[in-house]
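Inside the fold
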Amino acid sequence: MKAGGASVGIDFTGKCDRAPNTLLAHAFLDHVLVAYGSAKQNEVQEALFKSYFTDGNFPDLANLTTIGESCGCDGDRVREALSDKDFLKKVQSEIRRNSRAMNSGVPMFIFNGQPTFSGARDVATFHRVFDSIL
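First, a word on what this report is: a plain description of the structure on this page. The shown structure was predicted, so the numbers you read here are calculated from the model rather than taken from an experiment.

**A look at the overall build of the protein chain**
Of regular secondary structure, the protein chain possesses seven helices and two strands. Mapped in sequence order, the helices and strands of the protein chain form the string α-α-α-α-α-α-β-β-α. Scaling as 2.2 N^0.38, a compact globule of 134 residues should have a C-alpha radius of gyration of about 14 Å, and the protein chain matches this with 16 Å. With respect to the three principal axes, the spread of C-alpha positions in the protein chain is 40 × 35 × 25 Å. Residues counted as buried form 31% of the 134 residues belonging to the protein chain.

Rendered as structure tokens:
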């Protein structure tokens, strides 16, 4: 995994000594998508991955808020979204629905609400999918 990550610029250090329940991180990314758009979500996702996998920061509310602020998001809005029980229930429901829809493999790619493929894929695979749905 370390070599695979290095090939795409990810340094898996193993510094974080525990595995998170990813609900808050998923909710964080969902909030950013709705509040700031997909480009900002991608920026935040990259920062989140680096923070956890390279820097070893556990993705709790405080660290997720810090990540959001470092990417230009409003920290108060991040804290509010991640403390909203109804919002967290909605995200948990989406996670369960997507989990039931996938066969296996991480990541899972869903296009236009339909599971398309799972697992790491080369760029040509994405081009074929995009060509078929656009």
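**Re helix α2 (residues 23-36)**
For α2, which comprises 14 residues, the first-to-last C-alpha distance of 19 Å matches the rise-based estimate of 20 Å (1.5 Å per residue) to within 8%. What α2 keeps buried is the set L23, A25, A27, F28, L29, D30, H31 and V32.

**Considerations on the state of the cysteines**
Under the criterion given, the structure shown has zero disulfides. The thiol of C71 is unpaired, and the distance to the nearest cysteine sulfur, on C73, comes to 6.3 Å. Accessibility expressed as a relative area gives 7% for C71, which makes it buried. For C73, a relative accessible area of 5% translates into the label buried.

**Regarding the nonpolar core**
A27, F28, V44, L48, L64, I67 and L82 are the most contacted members of the largest nonpolar core, which has 18 residues in total. Only α2, α3 (38-54), α4 (61-70), α5 (75-82) and α6 (85-101) provide two or more residues apiece to this core. Element by element, the count of residues in this core is highest for α2, at six residues. When residues no more than four places from it in sequence are discounted, the contact partners of L82 are L24, A27, F28, L61, L64 and L88.

**A word on the side chain of S51**
Secondary-structure assignment places S51 in helix α3. The exposure class assigned to S51 is buried, which follows from its relative accessible area of 7%. Leaving out residues up to four positions away in the same chain, S51 has contacts with G56, N57 and I67.

What counts, and at which threshold
Residues numbered from 1 in each chain as written. Predicted model: local features only at pLDDT ≥ 70, side-chain atom pairs only at ≥ 80, totals over all residues. Heavy atoms only, no water. Helix = DSSP H or I, 4+ residues; strand = E, 2+ residues; numbered from the N terminus. Rg over C-alpha atoms; globule rule 2.2 N^0.38 Å. Buried < 20%, exposed > 50% of the residue type's maximum accessible area, 1.4 Å probe, protein only. Expected span 1.5 Å × (residues − 1). Disulfide = S-S within 2.5 Å. Core = buried A, V, L, I, M, F, W, Y, C linked by side-chain atoms within 4.5 Å. Contact = heavy atoms within 4.5 Å.

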